[in-house]
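Topology and contacts: notes
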Amino acid sequence: MLLLANAEAWPGFPLTVEMLRAGADSLDAMVAGIGRVEAEPRVRSVGYGGWPNMLGAMECDAAVMNGTTREIGSVGAVPDTIPVAALAQAVMQRLPHVMLTGTGARRFASEIGFSVDEVLIEDSRRVWRERLEAELDAEQLARFPDIPLAPLSRAITDPERVRDTTVFLSADRRRGIHTATSTSGWAWKYPGRLGDSPIPGAGFYADSRYGAAVCTHTGEMTMRCATARTIVLALKLGRSLREAVDLAVEELAELAEGFLGGVVIHAADAEGHHEVVNFRCEGEIRYWLWDDTMAEPELRPARTI
Ligand code: GLY
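About the thresholds
- Residues numbered from 1 in each chain as written.
- Predicted model: local features only at pLDDT ≥ 70, side-chain atom pairs only at ≥ 80, totals over all residues.
- Heavy atoms only, no water.
- Pairing = 2+ DSSP bridges.
- Helix = DSSP H or I, 4+ residues; strand = E, 2+ residues; numbered from the N terminus.
- UniProt positions renumbered as here; feature names shortened; annotations may be inferred.
- Buried < 20%, exposed > 50% of the residue type's maximum accessible area, 1.4 Å probe, protein only.
- Contact = heavy atoms within 4.5 Å.
- Axes fitted to C-alpha atoms, helices over the stretch in contact; angles between N-to-C directions.
- Near = heavy atom within 4 Å.
- Polar contact = N/O pair within 3.5 Å; in protein donor to acceptor, adjacent residues only side chain to side chain.
- Areas by Shrake-Rupley, 256 points an atom, 1.4 Å probe, with all protein chains shown as cover.
- Nonpolar A, V, L, I, M, F, W, Y, C, P; charged D, E, K, R; others polar.

Where an unreviewed UniProt entry is consulted, the chain appears under the name Asparaginase, with the organism given as Labrys okinawensis.

Here's what the structure looks like:
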């Protein structure tokens, strides 16, 4: 049994480990762990602690993938909801669809008994308001939000520099290989913007026969390259895990136009190997690792490319 997650997963990783040790279903354990991350205001890129969009509204994205059945549940730009990974799992379990967005996702949440949550914490509201007042002139402020947001979107690209998310990946010979993701996305994103966390093949992909990958940071990069699917397909075609990840990184590095940014890839194969690589993200990137030979989870440095 192997469990990987990014460093932001710290509030929930121990719970997931505990549940896996007790024999829980892998996706249930990961969704429960992510629920703790989503509820933790000190994690500034996921759920309750995240930053709002340009209108000062929180819109969260999440997904789960069962690598054995290749069933997926995904939600995007969901308002008023903190446990969005659990909502994504409910989409997978209760609907014939893969993905719900926006008000439809919120409607489904209410139908199945999720509370309507206040997701924006006071600190995020204050920082958002201060930046708005710094960026707009008096006339724009008076008309806000009835002003074009696109010019503002180009001028202010994620000022809080939050492109992380939370990603979990579990791999077990018996229980299969599965993934779960959750994020509030970029600070100051254009309303309705989806990152890669809810997009199958970009921010996540799992196939229990071969392996899985989950990505953090700039979703605009992994969506252009279908990064997670590329890795799993390369494994299927016989590449080693390192070769598969390096191929995905080569594809990211080929991008030269449009918005460019860093990506962190977390990947594992069906033989129990794992790779976590940092492609052009600032600072030291670390990740959580636990396998059933380890007494405690370890925080390890990613390989920088
Ligand atoms: N990878 C998270 C995002 O792009 O929103």
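Now that the structure has been shown, the text picks up again.
This part is about the sheet that holds strand E9 (residues 263-269). Taking strand neighbours across the sheet as the criterion, the five strands line up as E7-E8-E9-E10-E13 in an open arrangement whose pairing is mixed. Both edges of this open sheet fall to strand E7 (204-207) and strand E13 (303-304), since each of them pairs with a single strand only. Across four bridges, the pairing between E7 and strand E8 (residues 211-217) is antiparallel. Note on E8: the bridge partner recorded for Phe-204 is Val-214.

Under the local residue numbering, the UniProt record ascribes the feature "binding site: substrate" (unreviewed entry) to Arg-193, Leu-194, Gly-195, Asp-196, Thr-216, His-217, Thr-218 and Gly-219. Within the secondary structure, Leu-194 sits in the loop between strand E6 (176-183) and E7. Owing to a relative accessible area of 22%, Leu-194 belongs among the partly exposed residues under this scheme. Those residues in contact with Leu-194, other than ones at most four positions away along the chain, are Asp-61, Gly-76, Ala-77, Thr-101, Ile-199 and Met-223. By the secondary structure assignment, Gly-195 is in the loop between E6 and E7. Gly-195 gets classed as buried once you look at its relative accessible area, which sits at 3%.

What follows deals with the sheet that holds E6. Ordered in space as E4-E3-E2-E6-E5-E1-E11-E12, the eight strands form an open sheet in which the pairing is mixed. Of all the strands in the sheet, just strand E4 (99-101) and strand E12 (298-301) have a single pairing partner and so form its edges. Ignoring strand direction, the axes of neighbouring strands in this sheet form an average angle of 15 degrees. In the sheet, strand E1 (residues 2-6) pairs with strand E5 (residues 166-172) via four bridges, with the strands oriented antiparallel. Bridge pairing links Leu-4 to Leu-169 in E5. Lying on the sheet, helix H2 (residues 26-38) is in contact with E1, strand E2 (60-66), E5 and E6; it crosses E6 at an angle near 20 degrees. The strands that helix H3 (residues 84-94) touches are E2, strand E3 (71-78), E4 and E6; relative to E3, the one it contacts most, it runs at about 135 degrees.

Moving on: the site of the ligand. Taken together, eight residues sit near the ligand, with Gly-185, Arg-193, Asp-196, His-217 and Gly-219 positioned nearest. Arg-193 places a side-chain nitrogen or oxygen 2.8 Å from an oxygen atom of the ligand. For the ligand, whose unbound accessible area comes to 200 Å², protein coverage reaches 100%. A breakdown of the residues in the shell around the ligand according to their chemical character gives no nonpolar, five polar and three charged.

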